[in-house]
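Geometric and topological summary
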Amino acid sequence: MSVDAFDAEAGTINVVAPEFTLRPHATMLEMVERCPVARIQYTDWPVLSRYEDVAWALRHPEIFSSDLGELLALGNVRPMIPQQIDPPLQTRYRKILDSQFTKKAVNRIEPALREHARNLIAAVLDAGECEFDSAFAIPLPCKAFLEFMGLPVEEMDHFLALKNGVIRPDAHPADLARCTELRAETGRQIYAYFEDLIDQRTRAPREDLMTYLVQVELEGRRLSREEILDICYLFLLGGLDTVTATLGCNIAYLAENAEQRRRISQDSGCVEAVVEELLRWQTPVTLLPRVLKQPVDLRGVHMAAGQVVNLMISAADLDAAEFPRAGEVDFDRDRNRHLAFGLGPHRCLGSHLARLEVRVGLEEWHRLIPDYAIKPGEIPRVSPGIREFQYLPLVWPGVA
Amino acid sequence: MKLRVDLDLCAGHGRCYEIAPELFGEDEAGHCVLLVETVPPALTDRARRAADNCPESAIGIE
Ligand code: HEM
Ligand code: SF4
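Each chain carries its own residue numbering, running from 1 in the written order of its sequence. Each chain gets a letter, beginning with A, and each ligand a number, beginning with 1, in the order they are written. Reporting in this predicted model follows two pLDDT cut-offs: at least 70 for local features of residues, and 80 or more for side-chain atom pairs to be given and counted; totals over whole chains, interfaces and linings ignore these cut-offs and use all residues. Working from all heavy atoms in the structure, the side-chain values ignore hydrogens and water.

On to the overall build of chain B, then. Here a strand is any run of E in DSSP of at least two residues, a helix any run of H or I of at least four, and the numbering for each starts at the N terminus. Along the backbone of chain B there are 2 helices and 4 strands. Secondary structure elements of chain B, listed N to C terminal, follow the sequence β-α-β-β-α-β. Radius of gyration here is computed from C-alpha atoms only, and the compact-globule reference equals 2.2 Å multiplied by the residue count raised to the power 0.38. Since a compact globule built from 62 residues should have a radius of gyration of about 11 Å, the 10 Å found for chain B is in line with a globular shape. Whether a residue is buried, partly exposed or exposed follows from its accessible area with a 1.4 Å probe, protein chains only, as a fraction of its type maximum: under 20%, in between, or over 50%, in that order. Looking at the 62 residues of chain B, the share that counts as buried comes to 48%. We get accessible surface area from the Shrake-Rupley algorithm with a probe of 1.4 Å; when it comes to residues, only the shown protein chains can shield them. Put simply, chain B shows about 3100 Å² of open surface, and 50% of that area lies on carbon and sulfur atoms. The sign given to each residue is positive for Lys and Arg and negative for Asp and Glu; His and the chain ends receive no count. A single reference atom marks each charge: NZ on Lys, CZ on Arg, CG on Asp, CD on Glu. Treating the 6 positive side-chain charges of chain B as one cloud and the 12 negative ones as another, the clouds have centres 9 Å apart.

Have a look at this one:
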């Protein structure tokens, strides 16, 4: 079992252990109960896992700051906007961005999204098997994102290379120097790509999100070039990987739970609730980093100012104090205030877009492939941090 | 039954207008807008569910 990743005696959790990334639930349930302030093995950073504590931290950015500086550089040379800056400045940026990401605003891409999903499924349907990540989970959000930003869908491969170069540089994770170098190199390419786009849309405006960023006014002035770049950089990183991870997490769960899966085919009205409950159960973005602006004493643990703290939203979403029968997947929950999209001022800007992508992805997949399983004899591989099922081989009965 | 929304707390999760679109709408930024003040009796359950599911506990019921 996965319980080994958590050392209750030492109060440490090994979040990169493969048995933890693949089957984290037992470990997280134990952590929430026995060790609400544990420490991450290797970095020694405190990690909060109770719903109440995590929600409190997310609502108090003046104590738990997102301004991590150099600590978590992803090839960017300035803080990403709005994620790595604090209110009140962060709130001002959200004022101009929120309107572009409302439910109404994202719904316009639904027809194109559905068509993309159908095409992706059609390409694998007859084969009776596929590797889900590369066949569906990666390309679907990427196309949706390009569509949403107003960028050419033909450039998908280039986009994926940019994103991967930052998130998973092509070097051994322990070789930090090389990873940093590769991230910086990719970062320069990302800046260059969006610099060019800013020029294009300034010269020839269109009806798209890029043009909006070039034209919008923030308290009486246009955004600077750097501000636009810092926003786009985050869109690229935040908009692709997370939805890919969510789709993989959901399908992996449903592949192993036939009864729950059948609900989707039998009752199309339940998909929204399925999406919410699986967001709670899988919380694919697992850890949110913050840095303390002042000392904090919590549950008998002292944390100094300047300390990096991890908020383990994936564990908080299994806290029985907030979710009755937290260890069970239940599509009929009356109340589901999961933290998969965060909380408070940094609530995921893309949550409505993400929900749409995941719902349409699940609907279309189950319409054509209602029954499927993980390929016998194969073990899926899951990345730590953002739980992407990087290797998820599926099989399904052939179609007559 | 009456509804209140604390807009200082609302962060635009949109659970309320997903669950009870007859009672809650969204403004330009996706934040909650009350469509009614007094909830018709037929919708009180739904109003409660919406309030229960607001992650920011921004919706009050009297
Ligand atoms: C299911 C998929 C997704 C999940 C699970 C997810 C999760 C999250 C979480 C937990 C946060 C809070 C971060 C923090 O408090 O430090 C966040 C922030 C953010 N997300 Fe997402 N996200 C998803 C999809 C998207 C998409 C599609 C976009 C579109 C561009 C996006 C853009 C952002 C942005 C811009 C922020 C920063 C908001 C701020 O700091 O004010 N996300 N996301
Ligand atoms: S659910 Fe709560 S936070 Fe979300 S829009 Fe409604 S009132 Fe605001």
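We define a salt bridge as a side-chain nitrogen of Lys or Arg found within 4 Å of a carboxyl oxygen belonging to Asp or Glu. Taken as a whole and assessed by the stated rule, the structure comprises 43 salt bridges over all chains. With a shortest N-O distance of 2.7 Å, A:Glu276 and A:Arg355 are connected by a salt bridge. With a gap of 79 residues between them, A:Glu276 in helix α14 (residues 271-282) and A:Arg355 in helix α16 (residues 351-368) connect regions that are remote in the sequence. Like A:Glu276, the residue A:Arg355 is buried in the burial classification. Among the ionic pairs, B:Asp52 bridges to A:Arg335, the shortest N-O distance being 3.5 Å.

Quick look at the site of ligand 1 now. Residue and element names in this part refer to chain A. Close contacts around ligand 1 come from 24 residues, with Gln90, Arg94, Arg290, His346 and Cys348 the closest. By the criterion applied in these results, polar contacts are pairs of N or O atoms within 3.5 Å in which, for protein atoms, one can donate a hydrogen and the other can accept it, and in which residues neighboring in sequence qualify only through two side-chain atoms. In the environment of ligand 1, an oxygen atom lies 2.7 Å from a nitrogen or oxygen atom belonging to the side chain of Gln90. Residue assignment for the shell around ligand 1 shows that the elements contributing at least two residues are α4 (89-98), α12 (225-256) and β9 (287-292). We call a residue near a given molecule or strand whenever any one of its heavy atoms falls within 4 Å of it.

A few words on the nonpolar core. All names here are of chain A. Here, the term nonpolar core denotes a set of buried Ala, Val, Leu, Ile, Met, Phe, Trp, Tyr and Cys residues that are joined through side-chain atoms within 4.5 Å. Formed by 110 residues in total, the largest nonpolar core has its most connected members in Phe194, Phe235, Trp365 and Leu394. Among the elements that make up this core, the one with the highest residue count is α12 (18 residues). By the convention used here, residues are in contact when the closest approach between their heavy atoms is within 4.5 Å. Other than its neighbours up to four places away in sequence, Trp365 contacts Ile121, Cys130, Phe132, Phe136, Ile251, Pro370, Tyr372, Leu394 and Trp396. Within the second largest apolar cluster, 23 residues are counted, among which are Val54, Leu288, Val309 and Ala316.

Moving on, we get to the sheet that holds strand β6 (residues 129-131) of chain A. All names here are of chain A. Think of it this way: DSSP has to see at least two bridges between two strands before they count as a pair. With antiparallel pairing, the 3 strands of this open sheet are ordered in space as β6-β16-β13. With one partner strand each, in any of the chains shown, β6 and β13 (373-374) form the two edges of the open sheet. Looking at chain direction, β6 and strand β16 (residues 393-395) are connected through 3 bridges and run antiparallel. Paired with Glu129 across the bridge in β16 is Val395.

Moving on to the sheet that holds strand β5 (residues 64-65) of chain A. Residues and elements named next belong to chain A. Here 7 strands make up an open sheet; going across it, the order is β1-β2-β3-β4-β12-β9-β5 and the pairing mixed. One side of each edge strand has no neighbouring strand; the edge strands of this open sheet are β1 (6-7) and β5. In the sheet, β5 pairs with β9 via 2 bridges, with the strands oriented antiparallel. By the bridge assignment for β9, Phe64 is matched with Leu292. To define axes, lines are fitted to C-alpha atoms, for helices over the stretch in contact only, and angles between the resulting N-to-C directions are given on a 0 to 180 degree scale. With respect to the sheet, helix α3 (residues 51-59) is in contact with β4 (46-48), β5, β9 and β12 (308-312), its orientation differing from that of β12 by roughly 125°.

With respect to protein ligation, the iron atom of ligand 1 binds only A:Cys348 (SG), at 2.3 Å. Inspection of the secondary structure assignment puts A:Cys348 in the loop between α15 (313-316) and α16. As a rule, N, O and S atoms within 2.8 Å of a metal are its donors, except that Na, K and Ca use 3.2 Å; water is not among the atoms, so sites may look incomplete.

Residue and element names in this part refer to chain A. Centres within 6.5 Å make a pair out of two Phe, Tyr or Trp rings, where for Trp the six-membered ring is used; the pair is then stacked when the planes are under 30 degrees apart, edge-to-face when over 60, and tilted otherwise. Under the counting rule described, the total for this entry stands at 14 aromatic pairs over all chains. With a centroid separation of 5.7 Å and 85° between ring planes, the pair formed by Tyr51 and Phe323 is classed as edge-to-face. On the criterion of sequence distance, the pair formed by Tyr51 in helix α3 and Phe323 in the loop between α15 and α16 is long-range, its members being 272 residues apart. Accessibility assignment for this pair places Tyr51 and Phe323 in one class, buried. When the centroid spacing of 5.1 Å and the interplanar angle of 55° are considered together, the rings of Phe101 and Phe148 count as tilted. Linking Phe101 in the loop between α4 and α5 (103-107) with Phe148 in helix α8 (residues 139-149), this pair joins segments that are 47 residues apart in sequence.

By themselves, these figures tell us nothing about what the structure is for.
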